[in-house]
Amino acid sequence: DGMLSAEGNGGSQPAGWLAKDKKLWFPTIRGYVAIPPPPSEKSIPNVVIEEIKINNHTVDRHSPIQIQPDEQNLEIVYTGLSFNQSNHLQFRYKLEGFDENWTEAGNRRTAYYAYPPSGEYIFTVQAANAEGVWNENSAKIPLKILPKFYRTWWFWLICFLLAIALFYLIFSMRISRLNRAKQ
């Protein structure tokens, strides 16, 4: 990876040298090659949520995200910030309150949810570097999915009050019939 030539040129000199900055130096027939030390845990990528789409329409990710009952498809695009082997980053995500376990996304950078149930959730995404070390400082964004009107507390309250009114109406009609029959 990155070698000018696979053929080394040591001869009477050392075939490789470890410098103080931990770089490995090798002489080749096309010149010297310096290989940086393996990345440390400091190279764990930060994760950023880039875009949120609801029904293929981009929404402002900096304002509270509310999904209306008639909106069905949620798409969240994220990435890992790394200049070191960014094509080898691995991702996992979870919709806390909905998903029990992490969804291993591999190197895919988009999460999809179709017909998510109503409720309040937190979307969380993490990234791992090429060595498989996961970033514990995940990117999070709160989501509120509004229920359909017939699943709200006020709808059930209105239904309850209408049922009581209907019961009272039937009861009073029955009492008035009995009173008329008695007279």
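Residues numbered from 1 in each chain as written. Predicted model: local features only at pLDDT ≥ 70, side-chain atom pairs only at ≥ 80, totals over all residues. Heavy atoms only, no water.

Novice: Kindly report on the overall build of the chain, identifying the contributing residues and their values.
Specialist: When its secondary structure is counted, the chain shows one helix and twelve strands. The C-alpha radius of gyration of the chain comes to 31 Å, more than 25% above the 16 Å expected for a compact globule of 183 residues. Taken over the C-alpha atoms alone, the chain extends approximately 130 × 25 × 25 Å along its principal axes. A total of 183 residues make up the chain; the buried ones form 27% of that total. Excluding contacts between residues fewer than 6 apart, the proportion of contacts in the chain whose partners are at least 24 apart in sequence is 52%. On the chain, roughly 13200 Å² of surface is accessible, and the fraction owed to carbon and sulfur atoms is 56%. Computed over 19 positive and 17 negative side-chain charges, the inter-centroid distance for the chain is 12 Å. (Helix = DSSP H or I, 4+ residues; strand = E, 2+ residues; numbered from the N terminus. Rg over C-alpha atoms; globule rule 2.2 N^0.38 Å. Buried < 20%, exposed > 50% of the residue type's maximum accessible area, 1.4 Å probe, protein only. Contact = heavy atoms within 4.5 Å. Areas by Shrake-Rupley, 256 points an atom, 1.4 Å probe, with all protein chains shown as cover. Lys, Arg positive; Asp, Glu negative; His and termini not counted. Charge placed at Lys NZ, Arg CZ, Asp CG, Glu CD.)

Novice: Let's hear about the sheet that holds strand 12 (residues 139-145): which residues, and what values?
Specialist: Taking strand neighbours across the sheet as the criterion, the five strands line up as 6-12-11-8-9 in an open arrangement whose pairing is mixed. The open sheet has two free edges, formed respectively by strand 6 (65-67) and strand 9 (103-106), since each of these has just one partner strand. Averaged over all adjacent pairs, the angle separating strand axes in this sheet is 25 degrees, with direction ignored. Sheet analysis places strand 8 (residues 90-96) next to strand 9, joined by three bridges and oriented antiparallel. Counterpart to R92 in the pairing with strand 9 is E104. (Pairing = 2+ DSSP bridges. Axes fitted to C-alpha atoms, helices over the stretch in contact; angles between N-to-C directions.)

Novice: Residues and numbers for the sheet that holds strand 7 (residues 73-81), please.
Specialist: The antiparallel open sheet is built from four strands, whose spatial order is 5-4-7-10. Edge positions in the sheet fall to strand 5 (57-59) and strand 10 (110-114), since each has one partner strand and no second. Sheet twist, expressed as the average angle between the axes of neighbouring strands with direction ignored, equals 30 degrees.

Novice: Got a sec to walk through the pairing of strand 3 (residues 31-35)? Specific residues and values, please.
Specialist: By the bridge criterion, five bridges tie strand 2 (residues 24-28) to strand 3 in an arrangement that is antiparallel. Paired with P27 across the strands is Y32, a residue of strand 3. Between strand 2 and strand 3, which pair antiparallel one after the other, the connecting turn spans two residues.

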